[in-house]
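Next come the chains, spelled out residue by residue.
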Amino acid sequence: MKSIGYRLTELFFIFVLIPIGFAMEIPFWIKGAIGVLGFLYILFIMLRVERIKVALAPNLNWNTFYKRILFQFLGIMVVTTLYVWIVDRSNLFVVVWNKPLLWLVILFVYAFFSVYPQELIYRTFFFKRYQELFKNQNLFILINATLFSLGHIFFKNSLVMVLTFVGGLLFAYTFKKTQSTILVSIEHAVYGCWLFTVGMGTMLGFPS
């Protein structure tokens, strides 16, 4: 399970074939079974093979993290607000004003049941399992972001693909610098929750 050939084949199956399969017209129960088995396999590799620990590291530089995230978040707020204002002004903050309870539910479910599992798989597992296979770390981050975007292909939405690629670059960089699942999950949740808040939920396939 540690050989280069095995890990490259594993990477291809988990991060290329399975996401493409999810975008195909396959019965939902088959997709569900594949998803559950795939996640259990990843957990097995993380815990029993790679011995990955996801506990909060005691020496994290929270001040530096928050300053960088705040700077990036302000830029994202400005760009996305202008985007919704220009493209579909009627949706600007529409869920916050009209369905605040739904807004809170979506933020909670997204942050805890979508973001954290994604970061376990695409950053914690991916980096520990495959980083040493690539000498060029910039290429490795690019591959990680590309595969993260591919993981959202089932949405069949070009905007989702673009945003998840850009997000993948930011999240990969954060994880490379911090080696923290918690910090990168916080960043992911902040950006994703804001996109729904600003009114891009319908564009991205969220309920509204």
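Described in the following lines is the structure provided in the data block. (Residues numbered from 1 in each chain as written. Predicted model: local features only at pLDDT ≥ 70, side-chain atom pairs only at ≥ 80, totals over all residues. Heavy atoms only, no water.)

**Examining the overall build of the protein chain**
On a plain count of helices and strands, the protein chain comes out with eight helices and zero strands. Element order for the protein chain, N to C, with α for helix and β for strand: α-α-α-α-α-α-α-α. Summarising its shape, the C-alpha atoms of the protein chain cover approximately 55 × 45 × 30 Å along the three principal directions. In the protein chain, buried positions account for 40% of the 208 residues. Partitioning the contacts of the protein chain with sequence separation of at least 6, the portion at a separation of at least 24 is 75%. Only carbon and sulfur atoms are counted for the fraction: they give 73% of the accessible area of the protein chain, which is about 11,900 Å². (Helix = DSSP H or I, 4+ residues; strand = E, 2+ residues; numbered from the N terminus. Buried < 20%, exposed > 50% of the residue type's maximum accessible area, 1.4 Å probe, protein only. Contact = heavy atoms within 4.5 Å. Areas by Shrake-Rupley, 256 points an atom, 1.4 Å probe, with all protein chains shown as cover.)

**Let's talk about the packing of aromatic side chains**
Applying the stated criterion across every chain yields a total of 21 aromatic pairs. Centroid distance F73 to Y191: 6.5 Å. Interplanar angle 20 degrees. Geometry classified as stacked. In this pair, F73 is assigned in helix 3 (residues 62-87) and Y191 in helix 8 (residues 181-200), connecting sequence segments 118 residues apart. Per residue, the accessibility class of F73 equals that of Y191, and both read buried. Each ring, one from F148 and one from F171, has its centre 6.1 Å from the other, and the planes form 80 degrees; the classification is edge-to-face. Linking F148 in helix 6 (residues 137-150) with F171 in helix 7 (residues 158-178), this pair joins segments that are 23 residues apart in sequence. Just as F148 is buried, F171 falls in that class too. (Phe/Tyr/Trp six-rings, centres within 6.5 Å; stacked < 30°, edge-to-face > 60°.)

**So, the layout of surface pockets**
Within this model, the largest pocket holds a volume of roughly 1,400 Å³. S114, Q118, F148, H152 and F155 are, among the 48 residues lining the largest pocket, the residues nearest its centre. Put simply, the parts of the chain that give the lining of the largest pocket at least two residues each are helix 1 (4-22), helix 2 (28-49), helix 3, helix 5 (100-130), helix 7 and helix 8. When the residues that make up the lining of the largest pocket are grouped by side-chain class, the tally is 35 nonpolar, 13 polar and no charged. (1 Å grid on protein atoms, 1.4 Å probe; cavity = no way out; pocket = protein on both sides within 12 Å on 5 of 7 lines; lining within 4 Å. Points joined across faces, edges and corners; volume = space filled by probe spheres on them. Nonpolar A, V, L, I, M, F, W, Y, C, P; charged D, E, K, R; others polar.)

**Quick look at helix 3**
When the terminal C-alpha atoms of helix 3 are compared, their 36 Å separation across 26 residues agrees well with the 38 Å that a helix rising 1.5 Å per residue should span. Those residues of helix 3 that sit buried are F65, I69, Q72, F73, I76, T80 and V84. Summarising the contacts, the buried residues of helix 3 are in contact with helix 7 and helix 8. (Expected span 1.5 Å × (residues − 1).)

**A closer look at unusual backbone geometry**
Outside of glycine, negative phi angles account for most residues, and trans bonds account for most peptide bonds. Despite not being glycine, F93 shows a phi value in the positive range, around 55 degrees. Its place among the elements puts F93 in the loop between helix 3 and helix 4 (94-98). By relative accessible area, F93 is classed as partly exposed at 23%.

**Observations regarding the pattern of salt bridges**
Counting across every chain of the model gives five salt bridges. For E132, the salt bridge identified is with R7, shortest N-O distance 2.8 Å. With a gap of 125 residues between them, E132 in the loop between helix 5 and helix 6 and R7 in helix 1 connect regions that are remote in the sequence. Note on E132: relative accessible area 61%, which makes it exposed. R7 sits in the buried class, given a relative accessible area of 5%. Its salt-bridge partner being E50, residue R129 comes within 2.8 Å of it at the nearest N-O pair. Taken as a pair, R129 in helix 5 and E50 in the loop between helix 2 and helix 3 lie far apart in primary sequence, 79 residues in all. Each of E10, E50 and R129 takes part in a single network of salt bridges with overlapping partners. (Salt bridge = Lys/Arg side-chain N within 4 Å of Asp/Glu carboxyl O.)

**Notes on the environment of F134**
Along the chain, F134 falls in the loop between helix 5 and helix 6. With near-sequence residues (within four places) excluded, F134 lies in contact with F140 and I143.

**Digging into the nonpolar core**
With 42 residues, the main nonpolar core has F15, F125, F126, Y130, L147 and M200 as its most contacted residues. Breaking this core down by element, the ones donating at least two residues are helix 1, helix 2, helix 3, helix 5, helix 6, helix 7 and helix 8. Within the second largest apolar cluster, nine residues are counted, among which are I106, Y110, V115 and F196. (Core = buried A, V, L, I, M, F, W, Y, C linked by side-chain atoms within 4.5 Å.)

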